Amino acid sequence: MDALHDCVRNTWDGDLPTILDATAGGGSIPFESLRYEFPTVANELNPVASVILKSVLQHPRVNGDLSEDIEKWGDKLNELSRNNLSKYFSSPDDQVPLEYLWAHTIDCPDCGLEIPLTPYWWVDKESGSEGVAVRPSVSETSDNVEFEVVHLPDEVTKDEFNPTDGTVSYGKAICSRCNVTIESDEVKEQSQSDGMGYQLYAIHFEYTDTAHREKAGSRAFRAPTEEDKEAYHRAVSEVESNPELATFLDIPIPEGEETSRTSRHGIDTWQEMYSPRQLLTNYTYWQSFEELKPKILAEHDKPNAEVILTFLALAADKAFSLNCRQSRWDASVPKLAQIFDRHDFAFKWSFGESNLTAEGLGYDWVLDSIVEVYEELKELSGHSNANVQVTQGDARTLPLDDEEVEAIVLDPPYYDNVIYSELSDFFYVWLDKHLNDVYPEFFTQELTEKHDEAVANASSFSDIAGDQSAQELAKEDYESKMAGIFGELHRVLDQSGVFTLMFTHKKTEAWDTLTNALIDAGFVVTATHPVSTENPNSLHQAGKNAAESTILLASEKRQERTDEFTLWSDIQRETREVARDRAAEMAEEDIDFPKVDIILASFGPTLEIFTSNYPVVDDEGNEVSPQTALDEARAAVRDYFIDRHLNKGVRDVDPKTEWYILSWLVFEAQRFPYDEARRLAIGIGEDLDTLKKTNRMWRKRSGDVLLRPHSDRVQDINKNPSDRSGRKPVNPESLSFSTALDKVHAAMHIYDVQGSTEAWNWLNERNCGSDPSFKATLEALLRVLPHDHDDWKLARDLAAGQTGDLLDLELDADIFSNTKAGDDEKQGRLKDF
């Protein structure tokens, strides 16, 4: 630390620089700053994040170790709550209920059955045919479904009962008794008019040693009993008769980008985010907190009491995120997943209820985890005496003097990636109840601030869009707010200071917006650094083309230029060269960067060139946008990828086939953003919509592009022509094809459904062995498709064996191996296939 400080002081004229994070979020940047003992300022607009900043940056450094005090008061809070809630939970002598598994219900409009809605019946899934499940049963005499817990395959086989066959799929429900399909509109209508019901279908419990010493501590599932149902109905009666609970959290959920998902299914207030017993449980824990608050304030001085109260409030928020109608039961673990295991309000057809009163579990577990967090934060940062200032407010109006800070490190709101305020309202309504008298400056509104938030929230403009699209207005609003933030950062940054910006967004549009804001604020990009930071296995990235690296853009205040502008033609070639050089540099690194990350990294030096020469105009004097430079960088890196990873013949195939191949090569995923697909198409002179409607090379999924395999494009040759799907454009009986991809996909189909001999005849009749475009396309697909993709396996089979002799492809053996260069395993050989 001393060596680091000596180095930093040499850079900053003998002083340690003050570090500012103006959009600090949960505080990871300022936390590291204070650990390095730099003077630190952390600002955040969102009050939920501001509370977290207090608990992360300041509370662990309050004098003394308060972990035992947090635990002591948490235990008292839990005991109070447990006593008041005991009659609302069943308590068999030999077991402790941990979680209750519920399904939302609607009534069948045909037979009147109360249908429990769940996508599957697994509760502990070990494999596709093994595990524990709940089997529903119906009768003609009752409109209620009954349940039994079964073990597959010991008690029942998957052929007898398939737990994967739930009662709801793609918003449509299926009646378990009369098998009628209830359309999604009817499901939503019942949800919104009468509200969904709830049906308990399983209980996850732990054996005690009272009657099962040999099983003590083990866990299992059981079907609900009458005692379970009676305990729940006592809770419902209490909620319905308690006037305080009638209006508790009866706060409307604002209509927004994310919250529209809840209103579709009848969740219109924050109270409705909870089933009756969940509401009663959470309310009771808050009441216990309020009962203990005066005692905590009396026993501890104000700073210490603030720490204890804050961590207990965070424990409540953590507990309630596991005890709501949006907490999902994850049968693959099995465990209860909190509401935001994804970054959205996706509706959960079935949900879990946490028994917070369970001794040693429930709230006890939450409290232990919160105390552990406090101890770890204290261990990590307790040594630092650095001054830390936490402010709450708009980053466009910081309470700082001109040129007060020497360094700014910012992880900004990412365009439309996450609508923070909408999601954080879930926590805000509870923190407001717990801490509005502890931090009155944080909790001045009924919900979090929406108007000043710097995100591209299209829903905010849906009613006023007029001639412009709501998305375009949201983009302009985001750019305006980011420009305001950057302008304020320009004001508070020292004249010789440095501004480091973290960015991971993969849409070129977002980079263009961000760069415009930087330029307008008076900054010039001076350096860029890619750093691997993202988890590719997280739920909000899985299955998508997501950036795994963060690009650090280092900027400084731009010096005033004497000349007026730079011609784009003067820097266009340099732009391409620096982009290609950066791609080559990263490709030679030991780290295996995904190609989308390499593209993003090339944006850095591109922006260095562009911002240092700003303003940039074309030969006719029209202003050139950063997007033009970024597209130039993308094209340069695309050409580099072709040279490095593909066969030379790819350059001579038709543009439509080239787009399909490059999509797999560049994005390394079947699914990726529409914006990126469109830009790639433009770069090779193609229209993306034509590739969809006419050529059916892709289809849309949630705003993204999903590449189609051969099976989605080629008609079934084993069917009569009149019976074939007219939506599939490729006729495998044709002698000529409009694109090389069509011909290759048709060959895959023939090999797949008729075998290698017929495939050889088909290839020979169409002169595929002497067709350079066919051979180049087949080889390229072998290089770019994932090895577990069905099309890759068919391409491999076509290139080997009998058909391979006909095609006579000159292939490297490493095409057929998953082994990375440098691995110890030997690569396969072509003749092995």
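Our structure is the block above this text.
Because the structure is a prediction, the values reported are computed rather than measured.

K.L.:
Where do I start with the packing of aromatic side chains in this structure?
P.N.:
Note on aromatic pairs: each is described by the distance of the centres and the angle between the planes. All told, the structure shown has 34 aromatic pairs when counted by the stated rule. On the basis of an interplanar angle of 45° and a centroid distance of 5.8 Å, the ring pair of W121 and F147 is categorised as tilted. Separated by 26 residues along the polypeptide, W121 in the loop between β4 (114-117) and β5 (122-125) and F147 in strand β7 (residues 146-152) bring together distant segments of the chain. Residue classification places F147 among the buried residues on the basis of a relative accessible area of 13%. With a centroid separation of 4.9 Å and an interplanar angle of 80°, the aromatic rings of F205 and Y207 are classed as edge-to-face. Both residues of the pair, F205 and Y207, belong to the buried class. Against the face of Y674 rests K700, its NZ or CZ located 4.9 Å from the ring centre.

K.L.:
Honestly, the environment of A776 in this entry has me stumped. Any pointers?
P.N.:
Looking at where A776 falls in the secondary structure, it is placed in helix α23 (residues 772-784). For A776, a relative accessible area of 6% puts it in the buried group. Separated by 597 residues in the primary sequence, A776 and N179 place their C-alpha atoms 51 Å from one another. With near-sequence residues (within four places) excluded, A776 lies in contact with N647, G649, V650 and V653.

K.L.:
Help me out: how do you make sense of the sheet that holds strand β9 (residues 172-174) in this one?
P.N.:
Pairing between sheet strands relies on hydrogen bonds along the backbone, with the strands arranged either parallel or antiparallel. One open sheet holds the three strands; their spatial order is β8-β9-β10, and the pairing between them is antiparallel. Only two strands of the sheet have a single partner each, and these edge strands are β8 (168-169) and β10 (181-182). Where β8 meets β9, two bridges bridge the pair, whose relative direction is antiparallel. Bridge assignment links S169 to a residue of β9, and that residue is K172.

K.L.:
Is there a simple way to explain a nonpolar patch on the surface in this structure?
P.N.:
Judged by side-chain polarity, M1, L4 and Y36 come together as a nonpolar surface patch covering roughly 270 Å² of accessible area. Within the secondary structure, M1 is located in the segment before α1 (2-11).

K.L.:
Sorry, what's going on with the environment of E588 here?
P.N.:
On the secondary structure map, E588 appears in the loop between α15 (568-587) and α16 (595-612). At a separation of 3.2 Å, a polar atom in the side chain of E588 contacts the side chain of R644.

K.L.:
Would you take a moment to explain the pairing of strand β17 (residues 405-410) for this structure?
P.N.:
Consecutive side chains along a regular strand alternate between the two faces of the sheet. Of all six residues in β17, five are buried; the element is thus mostly enclosed. Where strand β1 (residues 19-21) and β17 come together, two bridges link them in parallel fashion. Among the inter-strand pairings, L20 is bridged to a residue of β17, identified as I408. As defined by bridge partners, β17 adjoins strand β18 (residues 493-503) across five bridges and the pair is classed as parallel. By the bridge assignment for β18, A407 is matched with V498.

K.L.:
Help me out: how do you make sense of α16 in this one?
P.N.:
Since one α-helical turn is 3.6 residues long, residues separated by three or four positions face the same way. When the terminal C-alpha atoms of α16 are compared, their 27 Å separation across 18 residues agrees well with the 26 Å that a helix rising 1.5 Å per residue should span. When the local axis directions of α16 are compared, the greatest deviation, roughly 25°, occurs at T606. Counting buried positions over the 18 residues of α16 gives 16, a clear majority of the element.

Each value, and the rule that gives it
- Residues numbered from 1 in each chain as written.
- Predicted model: local features only at pLDDT ≥ 70, side-chain atom pairs only at ≥ 80, totals over all residues.
- Heavy atoms only, no water.
- Phe/Tyr/Trp six-rings, centres within 6.5 Å; stacked < 30°, edge-to-face > 60°.
- Helix = DSSP H or I, 4+ residues; strand = E, 2+ residues; numbered from the N terminus.
- Buried < 20%, exposed > 50% of the residue type's maximum accessible area, 1.4 Å probe, protein only.
- Lys NZ or Arg CZ within 6 Å of the ring centre and 35° of its normal.
- Contact = heavy atoms within 4.5 Å.
- Pairing = 2+ DSSP bridges.
- Patch = residues over 30% accessible without salt bridge, like charges linked within 9 Å, V, L, I, M, F, W, Y side chains within 5 Å.
- Areas by Shrake-Rupley, 256 points an atom, 1.4 Å probe, with all protein chains shown as cover.
- Salt bridge = Lys/Arg side-chain N within 4 Å of Asp/Glu carboxyl O.
- Polar contact = N/O pair within 3.5 Å; in protein donor to acceptor, adjacent residues only side chain to side chain.
- Expected span 1.5 Å × (residues − 1).
- Bend = angle between axes of the 7 residues up to and from the residue.

Any functional reading would require information beyond the geometric quantities listed.
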